[in-house]
Amino acid sequence: MSAAALRVAFAGTPEFAAAALDAILDAGFSVPLVLTQPDRPAGRGMKLTASPVKQVALTHGIPVDQPEKLRTDEQRAALVTCAPDVLVVAAYGLILPRAVLELPRFGCLNIHASLLPRWRGAAPIHRAIEAGDAETGITIMQMDEGLDTGPMLMKGAVPIADDDTTATLHDRLATLGAGMIVEALRRLPKGELTPIPQPDNGVTYAAKIGKAEAALAWQRPAIELARAVRAFNPFPGAVGMLREVPVKMWSAEPVSGRGEPGTVLAADDSGVVVACGEQALRVTELQKPGSRRMPAGEFLRGFPVTPGERFDSSF
């Protein structure tokens, strides 16, 4: 079967998914329908904004459906009508019921941003960095009714660098996932993909990131807080409260230092050094409300910080 003959419906929402849709289209596959989340308010004006996936679809003249759920016949009507051979899913944001999973003759393939069974769930990139994993990757899996529990068809690994943030790792994984799904779609009609059940050992869950997690708990070791800063960049941004002002921290590293957790040990052009439960954290890029991210020296000229002051862990 040629690429053009395989009817590939696509379900996804953010930039991660848009990269995969672009690659599928560039490879010549026929995409009769795109499913994505309804337009949401975004930006300072909170204007209704189309998802990155919708924007790609509209650019290519592909019909778009944006159901709130896929539980009823009416909500699934567009997908049924387009009669896909396979449904590719990437960060869609909706649970697929059995009726959808069983609709395409080749089933539903998910592009998941981890090496399953580690980091099933909503935030696998954040959690891999936060946990200090040495590597992560992409798993192409055959979807079932569980939460990322279906059999694996392909896996590809990438190392996590010491300076990786969720933003940088996201982009590498999006590129990897886009290439892998194209290869999977080429092999799928030929029967060249062997489903491998996920092992019971090594299962972890990547819970959705909540804004409440952004507050740095200074009693923790500095190495853990440095990972949290990287994991929460760009969302939700790690935060420390100083003089009742929420200061976002975008770049940091563990350094030698001792003191009461949260206490500022030094503040100069090289960074703001804050004592932690173990060692200290040198924060090198910061942001105050209503301003932009700044290197420490520039930040301190507009928001002086004095050794001995103390960051709070709540906001």
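One structure accompanies this document, and this report is about it. Remember, predicted model here, so these are calculated numbers, not experimental data.

What follows concerns the packing of helix α1 (residues 15-26) against helix α2 (residues 52-59). Here α1 crosses α2 at 25°, and the two axes come no closer than 7 Å. With respect to each other, α1 and α2 are oriented roughly parallel. The residues of α2 that touch α1, namely those facing E15, A17, A18, L21, D22 and L25, are P52, V53, V56 and A57. For the contact of α1 with α2, the class distribution of residues is 8 nonpolar, no polar and 2 charged.

Turning next to the state of the cysteines. Counting across every chain of the model gives 0 disulfides. Cysteine C108 shares no disulfide, and the gap to the nearest cysteine sulfur, in C82, comes to 11 Å.

The next thing to look at is the sheet that holds strand β7 (residues 108-112). The sheet built from 7 strands is open, its strands ordered β5-β2-β1-β6-β7-β9-β10 with mixed pairing. The sheet terminates laterally at β5 (64-65) and β10 (152-159), the two strands that pair on one side only. Bridge count for strand β2 (residues 34-35) against β5 is 2 bridges, and the pairing is parallel. From the neighbouring strand, V34 faces β5, where its bridge partner is V64. Helix-sheet contacts for α1 involve β1 (8-12), β2, β6 (86-90), β7 and β9 (135-142), and the interaxial angle to β1 is about 165°.

The rolling of a water-molecule-sized probe over the atoms marks out the regions of remaining empty space. In this structure, the largest pocket occupies an estimated 1,800 Å³ of space. In this structure, the largest pocket is lined by 49 residues; those nearest its centre are P14, A91, Y92, G93 and A122. Of all elements in the fold, only α1, β3 (40-42), β7, α5 (124-131) and α6 (166-187) reach the threshold of two or more residues within the lining of the largest pocket. A128, I129, G132, D133, I160, A161, D162, I223, A226, R227, R230 and A252 together form the lining of the second largest pocket. At the level of secondary structure, the elements contributing two or more residues to the lining of the second largest pocket comprise α5 and α7 (222-231). No other element matches the 4 residues that α7 contributes to the lining of the second largest pocket. Tallied by class, residues from the lining of the second largest pocket come to 7 nonpolar, 1 polar and 4 charged.

Here we take up the pattern of salt bridges. The full count for this structure, using the stated rule, is 17 salt bridges. Residues D85 and R105 are paired through a salt bridge, measuring 2.9 Å at the closest nitrogen-oxygen approach. One end of the pair, D85, is in the loop between α3 (73-82) and β6; the other, R105, is in the loop between α4 (98-101) and β7, and 20 residues separate them in sequence. We note a salt bridge from R301 to D269, for which the minimum N-O separation is 4.0 Å. Of this pair, R301 sits in helix α8 (residues 296-302) while D269 sits in the loop between β14 (264-268) and β15 (271-275), and the two are 32 residues apart along the sequence. Relative accessible area serves as the criterion here: at 63%, R301 is assigned to the exposed category. Using a relative accessible area of 60% as the deciding quantity, one classes D269 as exposed. Taken together, the shared-partner salt bridges connect R98, E102 and E145 into one network.

Most of β15 sits out of view: 5 of its 5 residues are buried. Along β15, one buried face is formed by G271, V273 and A275 and the opposite face, lined by V272 and V274, is buried too. Taking the residues between adjacent antiparallel strands as the criterion, β14 and β15 are bridged by 2 residues. Pairing analysis gives 4 bridges linking β15 to strand β16 (residues 280-287), with the strands arranged antiparallel. Pairing of V274 across the sheet is with L281, part of β16. The turn linking β15 back onto β16 is made up of 4 residues, and Q279 within it adopts a positive phi angle of 60°.

The rules behind the values
- Residues numbered from 1 in each chain as written.
- Predicted model: local features only at pLDDT ≥ 70, side-chain atom pairs only at ≥ 80, totals over all residues.
- Heavy atoms only, no water.
- Axes fitted to C-alpha atoms, helices over the stretch in contact; angles between N-to-C directions.
- Helix = DSSP H or I, 4+ residues; strand = E, 2+ residues; numbered from the N terminus.
- Parallel < 35°, antiparallel > 145°, perpendicular 65-115°, else oblique.
- Contact = heavy atoms within 4.5 Å.
- Nonpolar A, V, L, I, M, F, W, Y, C, P; charged D, E, K, R; others polar.
- Disulfide = S-S within 2.5 Å.
- Pairing = 2+ DSSP bridges.
- 1 Å grid on protein atoms, 1.4 Å probe; cavity = no way out; pocket = protein on both sides within 12 Å on 5 of 7 lines; lining within 4 Å.
- Points joined across faces, edges and corners; volume = space filled by probe spheres on them.
- Salt bridge = Lys/Arg side-chain N within 4 Å of Asp/Glu carboxyl O.
- Buried < 20%, exposed > 50% of the residue type's maximum accessible area, 1.4 Å probe, protein only.

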